Amino acid sequence: MYSPTAMDHFLQPRHCGVLSGADIAIGTATNADCGDTARLTLRVIDGCVAHIAFSSQGCAGAIAACSATCAWLHGRPVGAALGLTRQTIEELLAPWPAAKRGCTQMAVAAAIAALSAAASGR
Amino acid sequence: MRRIYLDHNASSPWRPAVAQWMRSEQAANLGNPSSFHAEGRAARQLIERARTEIAAALGADHPEQVLFVSGGTEANNLAIHAATQGSVGRAVGTAIEHPAVGRPLAALADSGWQVATLPVDGVGQVADWSAAVDARLLCVMRANNEVGTILDVAAARHAAPNAWLHCDAIQAIGKFPVDFKALGVDSLAVAGHKIGAPVGIGALLVRDRNRVQPVQRGGGQEFGLRSGTQAAALIEALRLAVVEGTTNLMKRSLHIEHLRDELEATIQAGLADNPPTIIGDQQARLANTSCMAFTGLSAEALVMELDARGVAVATGSACSSGSGRPSAVLVAMEAPVHGVLRLSLGPDHQPDELATAAAQVVAAVRRLRQIAAPV
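Cut-offs and rules
Residues numbered from 1 in each chain as written. Chains lettered and ligands numbered in written order. Predicted model: local features only at pLDDT ≥ 70, side-chain atom pairs only at ≥ 80, totals over all residues. Contact = placed C-beta atoms within 7 Å. Helix = DSSP H or I, 4+ residues; strand = E, 2+ residues; numbered from the N terminus. Nonpolar A, V, L, I, M, F, W, Y, C, P; charged D, E, K, R; others polar. Pairing = 2+ DSSP bridges. Axes fitted to C-alpha atoms, helices over the stretch in contact; angles between N-to-C directions. pLDDT = per-residue confidence, 0-100.

Topic: the interface of chain B and chain A
Contacts between chain B and chain A engage 11 residues on the former and 16 residues on the latter. At the level of secondary structure, the elements contributing two or more residues to the side of chain B that touches chain A comprise helix H10 (299–308) and helix H12 (351–372) of chain B. Its residues placed into classes, the side of chain B that touches chain A shows seven nonpolar, three polar and one charged.

A short note on the sheet that holds strand S2 (residues 37–45) of chain A
All names here are of chain A. Spatial ordering of the open sheet is given by S1-S2-S3, a layout of three strands whose pairing is antiparallel. Taken across any chain shown, the strands that pair with only one partner, and hence form the sheet edges, are strand S1 (24–30) and strand S3 (48–57). Geometrically, the sheet is characterised by an average inter-axis angle of 20° between neighbouring strands, direction not taken into account. One ladder, built from nine bridges, connects S2 with S3; its direction is antiparallel. The partner of Arg43 across the bridge, within S3, is His51.

What to know about the sheet that holds strand S2 (residues 66–69) of chain B
All names here are of chain B. The strand order across the open sheet formed by seven strands is S2-S8-S7-S6-S5-S3-S4, and the pairing between neighbours is mixed. At either margin of the open sheet sits one strand with a lone partner, and together these are S2 and strand S4 (114–118). Sheet twist, expressed as the average angle between the axes of neighbouring strands with direction ignored, equals 20°. Sheet topology note: the strand S7 (residues 187–191)/strand S8 (residues 202–206) ladder contains five bridges and is antiparallel. Bridging across to S8, Ala189 finds its partner in Leu204. Lying on the sheet, helix H5 (residues 99–107) is in contact with strand S3 (90–94), S4, strand S5 (137–139) and strand S6 (164–168); it crosses S3 at an angle near 155°.

Examining the confidence of the model for chain B
Residue and element names in this part refer to chain B. The pLDDT averaged across chain B works out to 95; a share of 97% of its residues lies at or above 70. Below pLDDT 50 for its whole length, residues 317–322 participates in 10 contacts with residues either more than four positions away or in separate chains. Interface scoring of the predicted complex returns ipTM 0.94; its pTM is 0.94.

Laid out in structure tokens, this is it:
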């Protein structure tokens, strides 16, 4: 049901972990359908996402989506990153199961929350 | 990597005798059992021998009480149809019946039947049979497919002495004694692929086949109750699996129970800081079945992780595991519904194989917990 790319992100997730420090922005999201959770922490340096990490209590799709989201965000300017959509991550992991759209939605929601926090200086 | 298959409650690989038979020249060259020629007669003889031996193995009085069907779902549907066609009344089933029973039961409401569910307690047992007292049809599985709990069919019969009592024994056969007559049931469902026969064959045992009306009509096979050319090769495979599965059952069951208990103990010891919860009736549980809840994890992620590590397990009933809905069985038991794995053993495991499986479960749980809460 998952593509080889998605399975690779699940089995060898990129940026799994947690960042700490006063300059860290945090974003969290929950998949209302199943209760899975995602938490992204990132550090912006010179307007770009310099460091990023995620944790997720979720299914294989949630973990793969968070991993792919972090990989996509890493190094991008915050302004451009704020344009991230679910479809972008689903294209990276394609073919993405329709039943797992909640996973990509959750990962992107956590990312946007973290980016928004970083952009507003919170 | 040698894979370890721990999903025998979903489907169990062909037993060696079954595989040998299915690959034989005789199996490949059987005629239509309704034909008069030698090839047809050979098929017919196999069917009638199977009917006789399966009846004996499962405690039926007469071979004619055994009807061959395509599998467990058909057996359950045919039984419910037989019990209810042409009448109305109250139909009752336990809350943990397989969908192959639960859905045809629910559909009876469209025909004017009053349909009710018997709640179960935290281990999957029916604590109060009073709702079944006035049932015309009562459905009680012998053993649950997800948690392994063995239900008290005798209590069901006592509660509703006049009901058509149907027993889905699909998970119990080959794992726990099943005696059709002693259970006092009116019908009993059997599925081949749960005991090492191919998918596509099953049986319905009926106490009084004169009470059965056919669902599918045609050539009049199976005493006119289930038309369609009998799958003689598959019926012979079912005979081989049932006879093997019911021979020396208690000795084999004790051995498998020991292996299952070791598997559970090893996993719990390996995760002593946050051990899984074992779900099901610890006093009356199928020897091969272990249902475990791992706090804070996704069952789907665990299954995928273990699959990549060479271990095949299930999230619960394979029929619904792709649905994303919580298991109706676990909901009915008010048991944990997240992070629940079902490990179901087969008859031939070696201790070292299960030690490897336990180690992989521990490693998979630790990795996913690290992703969920990195330190």
